[in-house]
There are 2 protein chains.
Amino acid sequence: MAPDGGSVREVLRVSAPVDLGAIDPRSTPGLPASVGRGEHRKTWAREQVELVDEELGRQQEMLFAMARTGSRRPVQRVLVVLQAMDCGGKDGTIKRVAGAMNPLGLHIRSFGPPTSEELRHDFLWRIRRELPPPGYVGMFNRSHYEDVLIARIGALVPEATWRARYDEINSFERELTEDGVTVVKVMLHISYAEQGERLLGRLDDPRKHWKYDPSDLDSRGHWDDYQAAYAEALSRCGTDAAPWFVVPADRKWYRDWAVAHLLRETFDTLDLGYPAADFDVARERERLLAGGAGAGGAVEMNGR
Amino acid sequence: MAPDGGSVREVLRVSAPVDLGAIDPRSTPGLPASVGRGEHRKTWAREQVELVDEELGRQQEMLFAMARTGSRRPVQRVLVVLQAMDCGGKDGTIKRVAGAMNPLGLHIRSFGPPTSEELRHDFLWRIRRELPPPGYVGMFNRSHYEDVLIARIGALVPEATWRARYDEINSFERELTEDGVTVVKVMLHISYAEQGERLLGRLDDPRKHWKYDPSDLDSRGHWDDYQAAYAEALSRCGTDAAPWFVVPADRKWYRDWAVAHLLRETFDTLDLGYPAADFDVARERERLLAGGAGAGGAVEMNGR
């Protein structure tokens, strides 16, 4: 079912000036009103995601196939950049949405605090090394945007340095799109209250202790600063070449529905299809039935 | 249900001298006899794989969690090496078995013909660069074994060079296991007839033309040579540190069942569990409920 008010891409795209305070993290933009309210919406959205899963798998295969036969240059690839506050649902989104696709064609990378080697280079150095190859769907779990978020709030670099990065990011992303990379930047937008509950959930379940880091509370203490830094990054780096989308993420079922549809609509813009054979099909069929190119003998059919 | 005759690992492991001709690609070793025959077995095996999927997901998460908290050294990881003749089902196996796990913790790499840069290095150079990081499950779609298979049949290197590689591989894999890598080497064993049918299937479906390469028929022409080269590689490099398993693979449902169980039993040997917190849980709970470390304020509970 098509979302209300046009595509999910249109509904969730933000433009400057971005006011995150005006976007309710519990809202469900684009979800058809006809679906109704309450538990029913959740069930409906989850069923929709399963339908989209199949389509995503097919589209991913076509993207991959087109890169293998080299019929078009530059060869296309997709890069999903995921950003969120701690507990915002980046891992869960990747598990759910990427889980629908063939792992062979995925290129998933997580960016943590830079290593000493990475710190010796420009902030985009480690990002460039991890771009998805042609035909792949890349997903970045955090990204170069940390360099205008935590780098800014934590004063890890001088102000002049992070201020210059917005333009550097825009140049970099323009270059990517010219090289055939379709960039989809997604901020999973959760509320302060929801983060608190999720952190508590991690503390109260021993199977989740490994996901908890005491420094998460320090970032939480700078909530408003982070929201402001996000708003500026989204305002300054939401471009036509590489738009930013804000997905309200307090409700996980909505988040998964929205990201799956964003990705499907992105694939739709790529004019995907299975490439034509670059060999003579009839001749290959003859060779195969005649016994291949060498010692093997003819195909023996199994009676199955 | 436990497989007949002990574990799948025991049933499928091969040791020197390996005689591939004695292993029927349509057989189903380890499948409990009580399951019966015909269509019923297929349905049963597919249901079993879904049950194992959940367990694989849980085990993978524990492996990942243990690496994150650094409670044990060397940090464990798993590397599945998949080898097969063309159409042997490597891609399908990865899609089905890896698809059960969280893509965030997977490290999947395909090895094609070496690039000019790779050719300037030792044959293990490109393999070492792609080992799974601690806590990850790696899957190699082809591997360093191509360097004693196609390199031998195609005479890409002098005989003395590929002959020396068996020992080099054994040293390399021993080194890996000492570094915490659990290596699981799987040969998907298909018949000449089944390969013929699958190649024909690719030629007859335009959506599969991209998977077909005329050179596949050249390899098919050297079928017996490849079987002999496989037998020697399995015989010489099936070690206690890094055993080889042969999975009869003409039946896809059996192949998936067998590989999923091989992986689950491999996880079972690793003594996995969720790591204990390396912070004071009660104190963090207090900090969180008191409002975090800074300006944020206390957790407000949503009434959901």
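To start, this report covers the structure provided alongside it. This structure is a prediction, so every number in the text was calculated from the model and none was measured.

Helices and strands together make up the secondary structure of chain A, namely 12 helices and 5 strands. Projected onto the principal axes, the alpha-carbon positions of chain A cover approximately 75 × 50 × 40 Å. Taken over 304 residues, chain A has a buried fraction of 53%. Look at the contacts in chain A between residues 6 or more apart in sequence, and 80% of them connect residues 24 or more apart. Distance between charge centroids for chain A: 2 Å, based on 41 positive and 47 negative side chains.

The next subject is unusual backbone geometry. Negative phi values dominate among residues other than glycine, just as trans dominates among peptide bonds. At the junction of Ala16 of chain A and Pro17 of chain A, the peptide bond is cis and its omega measures out at -5 degrees in the coordinates. Position of Pro17 of chain A relative to the elements: it lies in the loop between helix H1 (8-12) and helix H2 (39-69).

Now for the sheet that holds strand E1 (residues 77-84) of chain B. All names here are of chain B. Within the open sheet, the 5 strands sit side by side as E2-E3-E1-E4-E5. Their pairing is parallel. Edge strands, defined here as strands with exactly one partner in the open sheet, are strand E2 (106-110) and strand E5 (244-248). Taken over all neighbouring pairs, the strand axes of this sheet differ in orientation by 20 degrees on average, direction set aside. Sheet topology places strand E4 (residues 181-189) next to E5; 5 bridges connect them, and they run parallel. Its bridge partner lying in E5, Met187 is registered against Val246.

All names here are of chain A. Take Lys185: it is sitting in strand E4 (residues 181-189). Under the relative-accessibility criterion, Lys185 is labelled buried at 0%. At a separation of 2.8 Å, a polar atom in the side chain of Lys185 contacts the main-chain carbonyl oxygen of Ala242. Excluding anything up to four places from it in sequence, Lys185 contacts Val81, Tyr145, Glu173, Cys237, Ala242, Pro243, Trp244 and Phe245.

As a further point, take a positive patch on the surface. On the surface, a cluster of positive charge is contributed by Lys95, Lys208, Lys211 and Lys252 of chain A. Residue classification places Lys211 of chain A among the partly exposed residues on the basis of a relative accessible area of 32%.

Quick look at the sheet that holds E4 of chain A now. All names here are of chain A. The strand order across the open sheet built from 5 strands is E2-E3-E1-E4-E5, with neighbouring strands paired in parallel fashion. Each end of this open sheet is capped by a strand with a single partner; those strands are strand E2 (106-110) and strand E5 (244-248). Across the sheet, the mean angle separating the axes of adjacent strands is 20 degrees when strand polarity is ignored. Two strands pair when backbone bridges link them, and E2 and strand E3 (residues 137-141) are joined in this way by 5 bridges, in the parallel orientation. By the bridge assignment, Ile108 is partnered in E3 with Met139. The strands touched by helix H3 (residues 90-98) are strand E1 (77-84), E2, E3 and E4; relative to E3, the strand with the most contacts, the crossing angle is about 165 degrees.

Looking now at the relation of the copies chain A and chain B. The second copy of the chain is related to the first by a rotation about an axis and a shift along the axis. Of the transformation placing chain A onto chain B, the axial shift is 0.0 Å and the rotation is 180 degrees, giving an RMSD of 0.0 Å. Taken together, the rotation and translation describe the operation of a two-fold axis.

A few words now on the pairing of E3 of chain A. One face of the sheet, then the other: side chains in a regular strand alternate in exactly this way. All names here are of chain A. Within E3, 5 of the 5 residues are buried, which leaves the element mostly enclosed by the surrounding structure. Burial of the side chains of E3 extends over both faces: Val137, Met139 and Asn141 are buried on one face and Gly138 and Phe140 on the other. In this structure, E1 lies alongside E3, joined through 5 bridges in parallel fashion. In the sheet register, Val81 faces E3, and the bridge partner there is Phe140.

Here we take up the interface of chain A and chain B. Contact residues are listed per partner, giving 63 residues for chain A and 64 residues for chain B. For the pair chain A and chain B, the summed buried area comes to about 5500 Å², and 63% of that belongs to carbon and sulfur atoms. Applying the counting rule to chain A against chain B returns 4 salt bridges. We note a salt bridge from Arg287 of chain B to Asp218 of chain A, for which the minimum N-O separation is 3.0 Å. Where chain A packs against chain B, one counts 6 residue pairs in polar contact (both at pLDDT 80 or more). Within the residue set of the side of chain A that touches chain B, elements represented by two or more residues are H2, H3, E2, helix H8 (192-203), helix H9 (215-221) and helix H12 (281-289) of chain A. Split into classes, the residues belonging to the side of chain A that touches chain B amount to 30 nonpolar, 14 polar and 19 charged.

So, how was this worked out
- Residues numbered from 1 in each chain as written.
- Chains lettered and ligands numbered in written order.
- Predicted model: local features only at pLDDT ≥ 70, side-chain atom pairs only at ≥ 80, totals over all residues.
- Heavy atoms only, no water.
- Helix = DSSP H or I, 4+ residues; strand = E, 2+ residues; numbered from the N terminus.
- Buried < 20%, exposed > 50% of the residue type's maximum accessible area, 1.4 Å probe, protein only.
- Contact = heavy atoms within 4.5 Å.
- Lys, Arg positive; Asp, Glu negative; His and termini not counted.
- Charge placed at Lys NZ, Arg CZ, Asp CG, Glu CD.
- Pairing = 2+ DSSP bridges.
- Axes fitted to C-alpha atoms, helices over the stretch in contact; angles between N-to-C directions.
- Polar contact = N/O pair within 3.5 Å; in protein donor to acceptor, adjacent residues only side chain to side chain.
- Patch = residues over 30% accessible without salt bridge, like charges linked within 9 Å, V, L, I, M, F, W, Y side chains within 5 Å.
- Areas by Shrake-Rupley, 256 points an atom, 1.4 Å probe, with all protein chains shown as cover.
- Salt bridge = Lys/Arg side-chain N within 4 Å of Asp/Glu carboxyl O.
- Least-squares fit on C-alpha atoms with pLDDT ≥ 70 in both.
- Buried area = accessible area lost by both parts, 1.4 Å probe.
- Nonpolar A, V, L, I, M, F, W, Y, C, P; charged D, E, K, R; others polar.

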